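What the coordinates show
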Amino acid sequence: MIIDVQDKGQNWRGCLATVAAILVLLAILVLLAWGWFHDLDEDAAQTWAFVATLAFAVGMPAALWAGWHFGHTEERGTLRGLDTGIDKVVSAADKMLTTKVTAQKTIKAATAEPAPYVVLPPAEPAYTLRRQLPGGDVIDVG
């Protein structure tokens, strides 16, 4: 994957534009809040402070839990994606290696020389029979 340098510059410009837009919206909200709350009486200000504190007290744990939950879900998805990717790479490597070994065996079998054929003389018997003496005479060797 080739990344163009101009794309990086455009990404930075988009990031800076987003940060600037957020700062402008925040400034508008602060000015509106200043205008609304500047002339409040004491009871209304206490009520707004209580509501803001209650919203923070309830919203913060909910935001923490939601962040943990969605982060955990994202992590599981990332790991599952990594497992899938690694499995695909390993299976492709296995197929390639199996194909290579099979091809080498086929080439070796096709180019192998036949086994040498050696012609041996006929085997001699383990013992030889001698002619018997005429008349069945016995010779004492001892």
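Residues numbered from 1 in each chain as written. Predicted model: local features only at pLDDT ≥ 70, side-chain atom pairs only at ≥ 80, totals over all residues. Heavy atoms only, no water.

1. Digging into the overall build of the protein
What counts here: Labels follow the DSSP assignment, with helices taken as runs of H or I lasting at least four residues and strands as runs of E lasting at least two, numbered in each case from the N terminus. Think of it in three bands: with a 1.4 Å probe and only protein chains considered, a residue is buried below 20% of the maximum accessible area for its type, exposed above 50%, and partly exposed in between. Method for areas: the Shrake-Rupley scheme with a 1.4 Å probe, in which residue coverage is limited to the protein chains shown.
Helix and strand content of the protein: two helices and zero strands. In the protein, which comprises 142 residues, the proportion classed as buried is 0%. When the accessible surface of the protein is split by element, carbon and sulfur atoms take 68% of a total near 14,000 Å².

2. Some remarks on a nonpolar patch on the surface
To keep it simple, the criterion reads: Candidates for patches are residues over 30% relative accessible area with no salt bridge; among them, like charges are joined within 9 Å and nonpolar side chains (Val, Leu, Ile, Met, Phe, Trp, Tyr) within 5 Å. Within this document, salt bridges are pairs made up of a side-chain nitrogen of Lys or Arg and a carboxyl oxygen of Asp or Glu, the two lying within 4 Å of each other.
A cluster of nonpolar side chains, Val 24, Leu 25, Ile 28, Leu 29, Leu 32, Trp 36, Phe 37, Leu 40 and Trp 48, forms an exposed patch at the surface whose accessible area comes to about 940 Å². Looking at the nonpolar patch, the element that brings in the most residues is helix H1 (residues 5-37), giving seven residues. Of the residues examined, Leu 40 reaches a relative accessible area of 31% and is grouped as partly exposed.

3. Points about helix H2 (residues 42-111)
To keep it simple, the criterion reads: For a helix, the expected span equals 1.5 Å multiplied by the residue count minus one. At every residue, the bend is computed as the angle between two fitted axes, covering the seven residues ending there and the seven beginning there respectively.
Helix length check: H2, at 70 residues, gives a terminal C-alpha distance of 101 Å against a target of 104 Å (1.5 Å per residue), a fit within 8%. Taken as a whole, H2 carries its principal kink of about 25° at Gly 59; the proline Pro 61 stands between one and four residues after it.

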